[in-house]
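# Close look at the chain arrangement
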Amino acid sequence: MKVRKRLSACVRGLGVSVLALMSIVVFVLTVLSIAFIPLGLGVFTTPAMVGVLRRHATQRRLLAAKWSGVQIRMPYRPLPDDRRSGVTGQVELCTFLLKDPATWRDLLWLQVDMTAGYVIALLAFAFPPYGVEGSVLAAGVWEPIVDAGGTYWYAFVPVTSQGTANLAALTGLGLIALGLFVSPLLLRTHFLLARAFLAPTPQMTLAARVERLTETRTDAVDTSAAELRRIERDLHDGAQARLVAMGMSLGTIEALIEKDPAKAKELLAAARTNSAEALAELRDLVRGIHPPVLAERGLGDAVRALALRMTIPVEVEVEVPGRFAEPVEAAAYFAISEVLTNAAKHSGAARMWLDIHHEAGMLRIAVTDNGSGGARIAQGGGLSGVERRLGTFDGVLAVSSPPGGPTMVTMEIPCAPVAPRPTV
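Throughout this document, residue positions are counted from 1 along each chain, in the order its sequence is written. In keeping with the model being predicted, local features are shown solely for residues with a pLDDT of at least 70 and side-chain atom pairs are shown and tallied solely at 80 or more, while totals for entire chains, interfaces and linings include all residues. Each side-chain value is derived from all of the structure's non-hydrogen atoms; neither hydrogens nor water enter the calculation.

Within 6.5 Å between ring centres, the rings of Phe, Tyr and Trp (the latter by its six-membered ring) count as paired, and their orientation is classed by plane angle as stacked under 30 degrees, edge-to-face over 60, tilted in between. For the coordinates displayed, the defined rule picks out 1 aromatic pair. Taking 5.3 Å as the distance between ring centres and 85° as the angle between the ring planes, the aromatic pair formed by Tyr 333 and Phe 334 counts as edge-to-face. Here the term buried applies to any residue with accessible area under 20% of the maximum for its type, exposed to any over 50%, and partly exposed to those in between, with areas from a 1.4 Å probe on protein chains only. By relative accessible area, Phe 334 is classed as buried at 18%.

Structural data, given as structure tokens:
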């Protein structure tokens with residue numbers, strides 16, 4: 001490690017020690033706020049103080065990752081949907097926050113941070129400056145100090161003369177060297193100590209996992225029910241109506257075939273048209289349930305065929321090792337279809353790019369357009385439906401769409417190939 005990085009670890013130790021002192025203020029105000037809940041005042045101040053506490057803890061998580069490479073996951077329960085929409089009252093919000101185990105672990109961390117965490121961070125800073133003091137003493141500063149108060153102890157060296165001051169300077173150089181070596185280790189130790197309290201416990205991780213599975217199961221059931229209703233509606237309003245009309249036309253043709261052959265031929269042509277349109281609608285319906293090209297050729301060829309049907313040119317790049325499980329391919333296909341369709345309708349883009357690749361057990365999909373931007377995941381919107389669809393497979397969706405564009409929608413689905421890439 002370069003000397004510059006080691007010196008920066010020393011300076012960062014000072015900054016972290018200051019933040020550790022701020023933990024005292026946050027701890028006192030948060031505890032007082034909770035204590036005032038029976039008086040009614042704490043109901044309004046506690047959510048605000050818990051928010052300050054979480055921002056303080058999150059700042060330490062960010063510094064841990066940036067300065068020492070220590071990753072600390074967020075353990076907080078997501079706020080209820082009604083709170084995000086501004087419906088939940090202060091009492092419900094306060095109760096929700098206090099029932100979250102992460103709140104009490106954060107409070108426990110504050111106590112550790114203001115004591116052991118502060119000492120460790122201060123030690124990460126203290127060695128080099130204390131080492132410089134030895135050289136300052138040897139430069140002649142030792143004389144007025146000794147004249148004023150007798151023997152001056154520097155570390156384990158009693159400074160009483162220029163010789164002992166020079167020994168103090170050598171000791172100081174050793175302390176500087178020691179500080180350059182241990183400062184990064186002490187800083188990392190501070191963040192590892194923080195991770196022991198700020199990271200979620202296995203029980204919290206399991207509870208979050210169960211909650212997530214419950215939510216995705218509910219979304220999957222709702223999505224399946226909505227899909228069945230859509231299929232039923234499309235059949236009733238489309239192919240079924242045309243088949244009924246064709247049946248009535250055939251009955252009329254049967255009655256007119258001897259009396260009015262010309263009229264029978266006209267109705268027969270109309271029945272033939274209705275049958276062709278009904279067949280086309282049934283094919284579209286089947287393609288909406290599970291496209292044949294997806295079943296036969298896999299995700300890559302299916303999205304290429306999808307891109308050809310878009311009104312905006314789409315550049316497709318696919319690099320996958322083979323076929324994936326059918327539910328995964330279907331979820332990815334329809335998610336891509338929804339995102340491309342939304343971009344074509346609302347983005348005002350002149351071109352789109354689709355990139356699909358598989359890496360480290362993760363299917364990664366990126367859809368980019370050069371449109372006007374401003375896309376977001378809104379409740380009940382198309383991207384929200386895509387997010388729910390991917391959530392069934394523990395997938396995630398992220399949107400980057402600044403005003404003016406470009407827009408990038410990134411999707412990730414954990415999966416592994418179940419069949420090699422077919423050879424042509």
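Now that the structure has been shown, we can carry on.
Attention shifts here to the sheet that holds strand β7 (residues 396-400). For two strands to pair, DSSP has to find at least two bridges joining them. Only runs of H or I of at least four residues qualify as helices and only runs of E of at least two qualify as strands under DSSP, and these elements are numbered from the N terminus. Spatially, the 5 strands line up as an open sheet ordered β3-β5-β6-β8-β7, and their pairing is mixed. The outermost strands of the open sheet, each flanked by one partner alone, are β3 (314-319) and β7. Here the average twist between neighbouring strands, direction ignored, is 10°. The pairing of strand β6 (residues 362-369) with strand β8 (residues 407-414) spans 8 bridges and is classified as antiparallel. By the bridge assignment, Ile 365 is partnered in β8 with Met 411. Geometry is summarised by axes, namely lines fitted to C-alpha atoms with helices restricted to the contacting stretch, and by angles between N-to-C directions that run from 0 to 180 degrees.

Bringing the UniProt feature "transmembrane region" (unreviewed entry) in the protein into the picture now. Here, the residues flagged by UniProt with the feature "transmembrane region" (unreviewed entry) are residues 9-29, 35-53, 107-127 and 167-187. Taken end to end, residues 9-29 has its terminal C-alpha atoms 30 Å apart, with 100% of it in helix and 0% in strand. Measuring from the first to the last C-alpha atom of residues 35-53 gives 16 Å, for a span that is 68% helix and 0% strand. UniProt positions are given in the numbering used here, feature names are shortened, and annotations may be inferred rather than shown by experiment.

The next thing to look at is the pairing of strand β5 (residues 352-359). In β5, alternate side chains face the same way, and those of Met 352, Leu 354, Ile 356 and His 358 are buried while those of Trp 353, Asp 355, His 357 and Glu 359 on the opposite face are not. By the bridge criterion, 6 bridges tie β3 to β5 in an arrangement that is parallel. Along β5, the bridge assignment pairs Val 318 with Ile 356. The sheet contact formed by β5 and β6 spans 8 bridges and is antiparallel. Each residue of the ladder has a partner; that of His 358, found in β6, is Leu 363.

A separate point is the packing of helix α2 (residues 42-68) against helix α6 (residues 162-198). In a packed pair of helices, the relevant descriptors are the angle between the two axes and the axis-to-axis distance. Relative orientation of the contacting elements α2 and α6 amounts to 140°, with a least axis distance of 10 Å. Taken together, the axes of α2 and α6 are oblique relative to one another. Two packed elements cross with a definite hand, and for α2 against α6 that hand is left-handed. Touching Ala 57, Arg 60, Arg 61, Leu 63, Ala 64, Trp 67 and Ser 68 of α2 are Leu 187, Arg 188, His 190, Phe 191 and Leu 198, all from α6. Three classes are used, and their members are as follows: Ala, Val, Leu, Ile, Met, Phe, Trp, Tyr, Cys and Pro are nonpolar, Asp, Glu, Lys and Arg are charged, and the others, Gly among them, are polar. Of the residues belonging to the contact of α2 with α6, the class tally is 7 nonpolar, 2 polar and 3 charged. Orientation labels follow simple angle bins: below 35 degrees gives roughly parallel, above 145 gives roughly antiparallel, 65 to 115 gives roughly perpendicular, and whatever is left gives oblique. By convention the crossing between two helices is left-handed if the near helix lies anticlockwise of the far one by an angle smaller than a right angle, and right-handed if it lies clockwise. Only heavy atoms matter for contacts: two residues are in contact if any of them lie within 4.5 Å across the pair.

Another aspect to go through is unusual backbone geometry. Even without a glycine there, the phi angle at Ala 360 is positive, about 55°. Tracing the sequence through the fold places Ala 360 in the loop between β5 and β6.

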